[in-house]
There are 2 protein chains.
Amino acid sequence: MSILYKMSERIFELEKQGVKVTRLNIGDPGLVTPEALTEACISAIKAGKTKYASAQGEKELLDEIASLQGCSAKNVVATPGSKWACFALLQTTLNKGDNIVCPTPYWATFSDMANQFGAAAKLLKAEFEERWQFDAEKLKELVDKKTKIIILNNPTNPTSVEYDDALVKAIVEYAQDKKVLVFMDEAYRDISFRHQNLTKYAEGLAITNSFSKGYAMSGWRAGYLAASEEIVKRIVKLNQITFTNVPVFIQAAALEGLKRRKEITAIAREECLKRLKAAEKALTGAEYVKPDAGFYMFLKCPDGEKAAEKCLEKGVGVTPGTAFGDHPDFLRVSLSHSPEVLAPALEKVKEAIGETK
Amino acid sequence: MSILYKMSERIFELEKQGVKVTRLNIGDPGLVTPEALTEACISAIKAGKTKYASAQGEKELLDEIASLQGCSAKNVVATPGSKWACFALLQTTLNKGDNIVCPTPYWATFSDMANQFGAAAKLLKAEFEERWQFDAEKLKELVDKKTKIIILNNPTNPTSVEYDDALVKAIVEYAQDKKVLVFMDEAYRDISFRHQNLTKYAEGLAITNSFSKGYAMSGWRAGYLAASEEIVKRIVKLNQITFTNVPVFIQAAALEGLKRRKEITAIAREECLKRLKAAEKALTGAEYVKPDAGFYMFLKCPDGEKAAEKCLEKGVGVTPGTAFGDHPDFLRVSLSHSPEVLAPALEKVKEAIGETK
């Protein structure tokens, strides 16, 4: 089990035992789901939308997503989170001996998933000094005959940094030429402080987005994949023998979110920005690349694992950098609470970092 | 894709195009989720139980299930339906070249799942003339060194028949002796007309139950697995890299259901019985083994696939027997509607069977 989930289950376990932990360790913005979305869900429940449904998704939702992603509804499948979109894509694409290519720091679940299918993850380490921008040429060098997918999570978890446009363009063009699929994980795009334009679907791309972050629907488990019809068909088939369908009343909330996308995602974005400002104040003196999006900060520290343990002793959950690739001298804090809760918790994080020096 | 899901998606597709189909083809009891459960869900949503949560499940729900199944909460994992419980068990147990053993008629998804992992399904055909009771000795003969799991779905989809107690006992004892896991799928136990006693957890067993049928929560996707701690740990790990957690507000509805189990499952059971009576009247002259449980009838007919096509032409969705193993001379109807809707639809089914003679 990856360190990310070990830490997460450990904290859930501590909480079950009654220990109070300020969780800055999980990828949850910690925002209240907007009332328009919960109301759409409740109305759907009351209208009896509680039956088995299409493993691809409800027509209205697929149409709305298709229009947003610039494709046909046939190119879209609703999933229980963008995590499932990725898992299902990998499960139905990778064979034993294949590999995926991905820059780090990264969401290590990509590797966990690939390994599940006997495939390897070939990782390219990006550097703090380069604002976490990876070297396109070096990434291309990692691609071999067994490479099935290049994964770009943009903006990136855990750094909250966006890859430069030219860099993304270079990789996409290279991959299209080489007939290697590019999986674009845009789960944090809606809460980018720069722009919220989703990548339009094109051949050779598989794009996922999540309702977890920008729509504050983390625990609802709703997301989607836009990809070729062939990939969508494979995933629908997998959905049928696994979870069957995203509950229709959850799809109703997601649909309401998409219809009010501008207004709803702005709420999450503004809240993220407010927290980031509070965090930057609390963390004065800490080293990090300034986030372009979302609610993670990837802090430099002498020993991330030791610091994470010390944080937990102080009642704060954080995730060591080793959970995100070969980055032992970092740790990730999620700004998953209001500025009032964040400020004292981040003080403790700063203390913990100091104590590991 | 198995015939079951092909038919199902085909009908969803027809409906998206505006064609009206009376769906007697899916495993949905078609009952309204009891208000106490929807209210528990709505309260949880309003209380903000919408965040990421434990991949194993909420403590209260796990405790309640453990008490029902006679085990520790450590032996329980909440899943998005019993289907996921089975998929996850197979994914984390089977290697390429392994096999599962199962009597038929059966829910062919077991095979679809096993095949997904390069494992085979060794099937034993039970006979209509034997009230669908399989031959224990013949089932044992199918078990070899590569057999990892024997699956008993009891009461059984699609026949709605219960295996005789002595038969189940013989298989469980044999499997425990041979160290082969028995997977007991009890998704229809709560709506058995005979008794609703769940099999107690014991070493060598993995027991799943679903909230879909007895609690009328099909589209909610809620179920669980009771198994060894080791199996539970493996599945929690898989949950973390796939769908993360069953939404907490859905677990709240499930918990409310378990707390009122007797009262809630009685509603579904009585409705099933009422429909069965209506269906038996409408199907006078048809041949089938009288159901012990639930809402399926497995009807004898000269050519199940042809009859299913004819039914669809008449606006009624049913599933041919070939979807449930080597049973071409049967078809399954789900009594998924009120007696008023069922009666005319079943008339058409009877007509269709007649036309294939």
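What counts, and where the lines are drawn
- Residues numbered from 1 in each chain as written.
- Chains lettered and ligands numbered in written order.
- Predicted model: local features only at pLDDT ≥ 70, side-chain atom pairs only at ≥ 80, totals over all residues.
- Helix = DSSP H or I, 4+ residues; strand = E, 2+ residues; numbered from the N terminus.
- Rg over C-alpha atoms; globule rule 2.2 N^0.38 Å.
- Contact = placed C-beta atoms within 7 Å.
- Nonpolar A, V, L, I, M, F, W, Y, C, P; charged D, E, K, R; others polar.
- Buried ≥ 20, exposed ≤ 12 C-beta atoms within 10 Å, placed from the backbone.
- Pairing = 2+ DSSP bridges.
- Right-handed = clockwise from strand over helix to strand, strands pointing away.
- Domains from an automatic or database assignment.
- Axes fitted to C-alpha atoms, helices over the stretch in contact; angles between N-to-C directions.
- pLDDT = per-residue confidence, 0-100.
- Core = buried A, V, L, I, M, F, W, Y, C linked by C-beta atoms within 7 Å.
- Arc of directions from axis to C-beta.
- Left-handed = near helix turned anticlockwise from the far one by under 90°.
- Least-squares fit on C-alpha atoms with pLDDT ≥ 70 in both.
- Expected span 1.5 Å × (residues − 1).

Let us look at the overall build of chain A. Across its full length, chain A carries 12 helices and 12 strands. For chain A, the C-alpha radius of gyration of 20 Å lies close to 21 Å, the compact-globule estimate for 357 residues. For chain A, the C-alpha atoms occupy an extent of roughly 55 × 55 × 35 Å along the three principal directions. Nonlocal contacts in chain A, meaning residues at least 24 apart in sequence, comprise 71% of its contacts between residues at least 6 apart.

The next point concerns the interface of chain B and chain A. With 45 residues of chain B in contact, the opposing surface of chain A contributes 45 residues. Elements with a contribution of two residues or more to the side of chain B that touches chain A: α1 (3-16), α2 (35-46), α4 (82-91), α5 (109-116) and α8 (229-240) of chain B. Residues of the side of chain B that touches chain A, tallied by class, amount to 21 nonpolar, 15 polar and 9 charged.

This part takes up the pairing of strand β3 (residues 99-104) of chain B. All names here are of chain B. With respect to burial, β3 is a largely interior element, 5 of its 6 residues being buried. The pairing of β3 with strand β4 (residues 120-125) spans 6 bridges and is classified as parallel. What sits directly across from C102, in β4, is L123. Crossover handedness for the path β3 to α5 to β4: right-handed.

Let us now look at the domain arrangement of chain A. Residues and elements named next belong to chain A. Domain parsing of chain A yields domain 1 (3-27 + 269-355) and domain 2 (35-262). Averaged C-alpha coordinates put domain 1 and domain 2 at centres separated by 25 Å. Across the boundary between the two partners, domain 1 contributes 21 residues, which contact 22 residues of domain 2. Put simply, the parts of the chain that give the side of domain 1 that touches domain 2 at least two residues each are α10 (261-282) and β9 (296-300). Take the side of domain 1 that touches domain 2: its biggest share by element is 4 residues, from β9. Here the residues of the side of domain 1 that touches domain 2 sort into 11 nonpolar, 5 polar and 5 charged.

Glancing now at unusual backbone geometry. Residue and element names in this part refer to chain A. A cis amide bond, omega -5°, links N154 with the succeeding residue P155. With respect to the element layout, P155 can be found in the loop between β5 (147-153) and α7 (165-178). A positive phi is found at R131, a non-glycine position, where the angle reads about 55°. Within the secondary structure, R131 is located in the loop between β4 (120-125) and α6 (136-142). Look at R131 and you get partly exposed, because 15 C-beta atoms sit within 10 Å.

Another aspect to go through is the sheet that holds strand β7 (residues 205-210) of chain B. All names here are of chain B. Strand order in the open sheet made by the 7 strands is β2-β8-β7-β6-β5-β3-β4, with mixed pairing throughout. Two strands lie at the open edges of the sheet, namely β2 (76-79) and β4, each paired on one side alone. Strand-to-strand twist in this sheet, taken as the mean axis angle between neighbours without regard to direction, amounts to 20°. Pairing between strand β5 (residues 147-153) and strand β6 (residues 181-185): 5 bridges, direction parallel. When the bridges of β6 are listed, I151 appears paired with F183.

Looking at chain A, pLDDT values average 96 and 100% of them are 70 or higher. Interface predicted TM-score (ipTM) for the complex: 0.94; the corresponding pTM is 0.95.

Moving on, we come to the nonpolar core. Grouped together as the largest cluster of nonpolar side chains are 239 residues, with contacts concentrated most on C41 and F110 of chain A together with C41 and F110 of chain B. When residues no more than four places from it in sequence are discounted, the contact partners of C41 of chain A are F249, I250, A252 and A253 of chain A together with I45 of chain B.

Turning our eyes to something else, we now look at helix α3 (residues 59-69) of chain B. Residue and element names in this part refer to chain B. What α3 keeps buried is the set L61, L62, E64, I65 and Q69. Taken around the axis of α3, the buried residues stretch over an arc of 165°, which confines them to a single face. Where α3 is buried, its residues meet β2, β7, β8 (223-226) and α9 (248-259). Positioned one or two residues after α3, G70 has a phi angle of 70°, which is positive.

Moving on to the packing of helix α3 (residues 59-69) of chain A against helix α9 (residues 248-259) of chain A. Residue and element names in this part refer to chain A. Across the interface, α3 lies against α9 with an axial gap of 9 Å and an inter-helix angle of 35°. Note that α3 runs across α9; the crossing there is left-handed. Here E60, L61, E64, I65 and L68 of α3 come into contact with α9, specifically with Q251, A254, L255, L258 and K259. Residues belonging to the contact of α3 with α9 are distributed by class as follows: 6 nonpolar, 1 polar and 3 charged.

All names here are of chain A. Most of strand β6 (residues 181-185) sits inside the fold, with 5 of its 5 residues counted as buried. Following the backbone out of β5, through α7 and into the adjacent parallel β6, one traces a crossover that is right-handed. Pairing geometry for β6 and strand β7 (residues 205-210), over 4 bridges, is parallel. Bridge pairing in β7 links F183 to A206.

Attention shifts here to the relation of the copies chain B and chain A. Take chain B, turn it by 180°, move it 0.0 Å along the axis, and it overlays chain A with an RMSD of 0.0 Å. Between the two chains, the operation in question is that of a two-fold axis. If distances are taken from each C-alpha of chain B to the rotation axis, the shortest is found for I42 of chain B, at 3.2 Å. Same-surface contact between copies: 100% of interface residues of chain B are shared with the interface of chain A.

Spatially, the 3 strands line up as an open sheet ordered β9-β12-β11 (chain B), and their pairing is antiparallel. Both edges of this open sheet fall to β9 (296-300) and β11 (319-320) of chain B, since each of them pairs with a single strand only.

Now for α9 of chain B. All names here are of chain B. Given a rise of 1.5 Å per residue, 12 residues ought to cover 16 Å, and the 16 Å separating the end C-alpha atoms of α9 matches this to within 8%. Residues V248, F249, I250, Q251, A252, A253, A254, L255, E256, G257 and L258 constitute the buried set of α9. Those residues of α9 that are buried are in contact with α2, α3, β2 and α10 (261-282).

On to the packing of helix α4 (residues 82-91) of chain A against helix α5 (residues 109-116) of chain A, then. All names here are of chain A. Following both chains from N to C, one finds α4 and α5 inclined at 30°, their axes separated by 9 Å at the closest point. Classified by chirality, the crossing of α5 by α4 is right-handed. Contacts from K83, C86, F87 and L90 of α4 reach α5 at T109, F110, M113 and A114. Of the residues that constitute the contact of α4 with α5, the class distribution is 6 nonpolar, 1 polar and 1 charged.

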